[in-house]
Amino acid sequence: MLVDFRPGLRLTGKNAVDITASVTPVLEAVAGTGGDLTGVRVACDWIQYRDNFRDVVDVRPVMASPDPAGSPGAAPPPAGVPPYAVEVAVDVRRSGDIADLKELAAARLRDGSVGRVFLEDWCPESASCIWRFNALYWSALALWEKAVGRGYEQALPGGESDARNQAAARDLITGLFADWDLLSATGALPAELYVAELGVGNGNQARVFLDEFRDLDRAQGRGYYARLHYFMCDYSQHVLDLARETVAGHAAHVSSIPLDAQRPLTALGFLRGRVWLLYISNVYDNLPTDEVAQLGGRTYLVQTRAYLPQAAAAELAAGVSADPAELPALVRQLLRLGPALLADAAPAHIGGTEPAVRFWRQVWSAIRLEERYVPLTGLDLYPVAPAVSGEALRPLLESGADIRVQVSNGAVASFVDSIALLRPLGKLVCHDLFATDPQDYRSGFRGPGKYDGSVVNWVNGILLAHVGRRIGFEVRYEPFRHRSGGHIITMTAQATD
Ligand SMILES: C[S@@+](CC[C@H](N)C(=O)[O-])C[C@H]1O[C@@H](n2cnc3c(N)ncnc32)[C@H](O)[C@@H]1O
């Protein structure tokens, strides 16, 4: 048996994790199964997100073959004896408080899936319905915020977005002006100056940028503001409308573009090679991702399936006069139609928009992800993003001991697509939660977690930098300069020549 205790730093200090209370009972339950323990992996995490997709103890099969059904023509399983057969995952933030942790772990090991109501079949995490919940949250944000009585920013780290930090915007604008002054002196500065922001939220980032830009320009008398055009891009029309109101004072300089941040070129193709600044904050961590792992020298894709635990499903079903077995269909209707129309489609269960929002929030709160590890037959056959093969993950996966990482498929796709918009001197600036060292994955939990109705995963900065280098971009990371103590990192990407 191998015990991988990732949050090592939590073993010391004032509120140190008590291993005897939070891990030993799980090991006793594993030993109590009487089975062969050589293939057991116990993975201990400190899940910092109070709302998340994990149970206190989860049991994850480690599949020997990529095709459990063994269908003819399927890729052959890797040669040799698989190192692990099962992973037992423990959230040590909560496990020490469970009265009978050993019995809970034993029950999970006997058959943890009993009574669960599944909302989907096994799939890579990026294809899970949790991402449709995420999109629903941004499209029906007003209904959610009204129901919870607070804005989305309050769920972000620090309670507000660093995107509205004036000093950060000023730094960025000063850099732009310096580049433009040089070009302007030789008459080489184009007439129109384009900036694009992906994932605009309530528009505060855009407003701070535009206010600072106008004020600095006025003070310096360069006339850049008159030439500026700012493209606010998002996939939620509601968010775009909200942002539009926030920047009403700059209306003549702003366009709103509905687009998927994973494929910005589809809508912004006309700006190819013309953008000076691509500005992104707290969006990459909100884009779909898979997870892959290197365990005992083999590479696995984490497959997931969303479910409602038995007790939560019973309570939810009772609240909407339904049988638990009817919940998956009701959830599918919610995701397809949104809460405002759900009552019309399911009048026997939902009495209006308010009950529909309540149902939505309760389902989201209850949703968990069951996981299993499925062998990858070759990294080259696993697509990270269009035109980016899984081979790009090899340096990270082979960087040492067992490791499990986010692939950040959506962020990589967005990055590769959007940098084509940049001018040769243009840059992409992104404030977000980044893992920038392989050790980040071996020492802490990087997602997924829930921020109100949305999903958060730390972004694989190591992979982004590697992908950037391969296509001629230098990617740099530094802690967000204008607030101390947070986890936000600023990524800057610029062409190397
Ligand atoms: C956490 S908010 C960040 C808002 C703002 N940038 C900030 O830092 O305060 C995430 C934003 O990304 C948008 N978003 C998420 N996924 C997207 C996608 N696939 N395409 C476009 N926008 C997306 C959401 O609608 C939302 O406006």
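Reading the values: the criteria
- Residues numbered from 1 in each chain as written.
- Predicted model: local features only at pLDDT ≥ 70, side-chain atom pairs only at ≥ 80, totals over all residues.
- Heavy atoms only, no water.
- Helix = DSSP H or I, 4+ residues; strand = E, 2+ residues; numbered from the N terminus.
- Rg over C-alpha atoms; globule rule 2.2 N^0.38 Å.
- Buried < 20%, exposed > 50% of the residue type's maximum accessible area, 1.4 Å probe, protein only.
- Contact = heavy atoms within 4.5 Å.
- Areas by Shrake-Rupley, 256 points an atom, 1.4 Å probe, with all protein chains shown as cover.
- Pairing = 2+ DSSP bridges.
- Axes fitted to C-alpha atoms, helices over the stretch in contact; angles between N-to-C directions.
- Core = buried A, V, L, I, M, F, W, Y, C linked by side-chain atoms within 4.5 Å.
- Salt bridge = Lys/Arg side-chain N within 4 Å of Asp/Glu carboxyl O.
- Parallel < 35°, antiparallel > 145°, perpendicular 65-115°, else oblique.
- Left-handed = near helix turned anticlockwise from the far one by under 90°.
- Nonpolar A, V, L, I, M, F, W, Y, C, P; charged D, E, K, R; others polar.
- Disulfide = S-S within 2.5 Å.
- Lys, Arg positive; Asp, Glu negative; His and termini not counted.
- Polar contact = N/O pair within 3.5 Å; in protein donor to acceptor, adjacent residues only side chain to side chain.
- Phe/Tyr/Trp six-rings, centres within 6.5 Å; stacked < 30°, edge-to-face > 60°.
- Lys NZ or Arg CZ within 6 Å of the ring centre and 35° of its normal.

Caption draft 1: Representation of the overall build of the protein chain within the structure. Within the protein chain, the regular secondary structure consists of 17 helices and 23 strands. By the compact-globule yardstick of 23 Å for 497 residues, the protein chain fits well, its C-alpha radius of gyration being 24 Å. C-alpha extents for the protein chain along the principal axes are approximately 80 × 55 × 55 Å. Across the 497 residues that make up the protein chain, the buried fraction comes to 55%. Taking all contacts inside the protein chain whose residues are at least 6 apart in sequence as the whole, residues at least 24 apart take part in 79%. Put simply, the protein chain shows about 20,500 Å² of open surface, and 52% of that area lies on carbon and sulfur atoms.

Caption draft 2: Representation of the sheet that holds strand E4 (residues 86–91) within the structure. The mixed open sheet is built from 4 strands, whose spatial order is E1-E2-E4-E3. Bordering the open sheet on either side are strand E1 (2–5) and strand E3 (57–61), each of which pairs with just one other strand. Averaged over all neighbouring strand pairs, the angle between strand axes comes to 20°, with direction disregarded. As judged from the 6 bridges shared by strand E2 (residues 40–45) and E4, these two strands associate in the parallel manner. For valine 42, the partnering residue across the bridge sits in E4 and is valine 88. Of the strands in this sheet, E1, E2, E3 and E4 touch helix H2 (residues 24–32), which is tilted by about 155° from E4.

Caption draft 3: View of the nonpolar core. In this structure, Phe133, Leu308, Phe359 and Ile367 are the most contacted members of the largest nonpolar core, which totals 82 residues. Residue contacts for phenylalanine 133: discarding those within four places in its chain leaves Val331, Leu334, Leu335, Trp360, Val363, Trp364, Ile367 and Gly453. With 55 residues, the next largest nonpolar core counts Tyr284, Leu428, Val467 and Val475 among its residues.

Caption draft 4: How the structure looks around the pairing of strand E10 (residues 275–281). The buried count for E10 comes to 7 of 7 residues, which makes it a mostly enclosed element. Where strand E7 (residues 193–198) lies against E10, 5 bridges are found, and the strand directions are parallel. Paired with tyrosine 194 across the strands is valine 275, a residue of E10. Here E10 pairs with strand E17 (residues 422–432) via 6 bridges, running parallel. Looking at the pairing, valine 275 lines up with leucine 422 of E17.

Caption draft 5: Just the pattern of salt bridges, in detail. Within this structure, the stated rule accounts for 26 salt bridges. Note that aspartate 4 is salt-bridged to arginine 6, the shortest N-O span being 3.6 Å. Residue arginine 6 is classed as buried on the basis of its relative accessible area of 10%. Here aspartate 4 makes a salt bridge to arginine 41, at a shortest N to O gap of 2.8 Å. Taken together, the residues span a long stretch of sequence, with aspartate 4 in strand E1 and arginine 41 in strand E2 at a distance of 37 residues. The same class applies to aspartate 4 and to arginine 41, which are both buried. Through salt bridges that share partners, Asp4, Arg6, Arg41, Asp45, Arg54, Asp58, Arg60, Glu87, Glu291, Glu371, Asp402 and Arg404 make up one connected network.

Caption draft 6: Layout of the side chain of aspartate 4. Since its relative accessible area comes to 15%, aspartate 4 is described here as buried. Aspartate 4 has contacts with Arg41, Val42, Ala43 and Cys44, leaving out every residue within four places of it along the chain.

Caption draft 7: Examining the sheet that holds strand E8 (residues 228–234) more closely. An order of E9-E8-E7-E10-E17-E23-E22 is seen for the 7 strands of this open sheet, with the pairing classed as mixed. The open sheet has two edge strands, strand E9 (254–258) and strand E22 (473–479), and neither has a second partner. Strand-to-strand twist of the sheet, defined as the mean angle between neighbouring strand axes without regard to direction, takes the value 20°. Seen against the sheet, helix H17 (residues 461–470) touches E22 and strand E23 (489–495) and runs at an angle of roughly 155° to E22.

Caption draft 8: Just the packing of helix H4 (residues 130–139) against helix H13 (residues 353–366), in detail. Running from N to C, H4 and H13 point in directions that differ by 140°, and their axes come no closer than 12 Å. One element, H4, and the other, H13, form an angle in the oblique class. Like other packed secondary-structure pairs, H4 and H13 cross with a definite hand, here left-handed. Facing Ile130, Phe133, Leu136 and Tyr137 of H4, the residues of H13 in contact are Trp360, Val363 and Trp364. Of the residues contributing to the contact of H4 with H13, the split by class is 7 nonpolar, no polar and no charged.

Caption draft 9: Spatial organisation of the state of the cysteines. A complete count under the given rule lists 0 disulfides for this structure. Unpaired in this structure, cysteine 123 has its nearest cysteine sulfur neighbour in cysteine 129, at a distance of 7.7 Å. The class for cysteine 129 is buried, based on a relative accessible area of 5%.

Caption draft 10: Looking closely at unusual backbone geometry. Going from glycine 447 to proline 448, the amide bond is cis rather than trans, its omega being 5°. For proline 448, the location among the structural elements is in the loop between helix H16 (438–443) and strand E19 (449–451). Despite not being glycine, serine 408 has its phi angle at roughly 55°, a positive value. Relative to the elements of secondary structure, serine 408 occurs in the loop between strand E16 (403–406) and helix H15 (409–418).

Caption draft 11: Up close: the side chain of glutamate 145. Relative to the assigned elements, glutamate 145 resides in helix H5 (residues 141–148). One buried charge, glutamate 145, has no salt-bridge partner; the nearest side chain with opposite charge is arginine 150, at 8.3 Å. A distance of 2.7 Å separates a polar side-chain atom of glutamate 145 from the backbone nitrogen of tyrosine 152. Not counting residues within four places of it along the chain, the set of residues in contact with glutamate 145 comprises Arg150, Gly151 and Tyr152.

Caption draft 12: The arrangement of the packing of aromatic side chains in detail. Applying the stated criterion across every chain, the model contains 23 aromatic pairs. On the numbers, 5.8 Å between centres and 70° between planes, the contact of tryptophan 180 with tryptophan 276 is edge-to-face. Of the two residues, tryptophan 180 sits in helix H6 (residues 166–185) while tryptophan 276 sits in strand E10, which places them 96 residues apart along the sequence. Tryptophan 180 sits in the buried class, given a relative accessible area of 0%. One aromatic cluster in this structure is built from Phe177, Trp180, Phe209, Phe213, Tyr224, Tyr225, Tyr230, Trp276 and Tyr279. Above the ring of tyrosine 84, the side-chain terminus of arginine 41 is found at 5.5 Å from the ring centroid. Here the basic side chain of arginine 361 rests over the ring of tryptophan 144, its NZ or CZ set 5.9 Å away from the ring centre.

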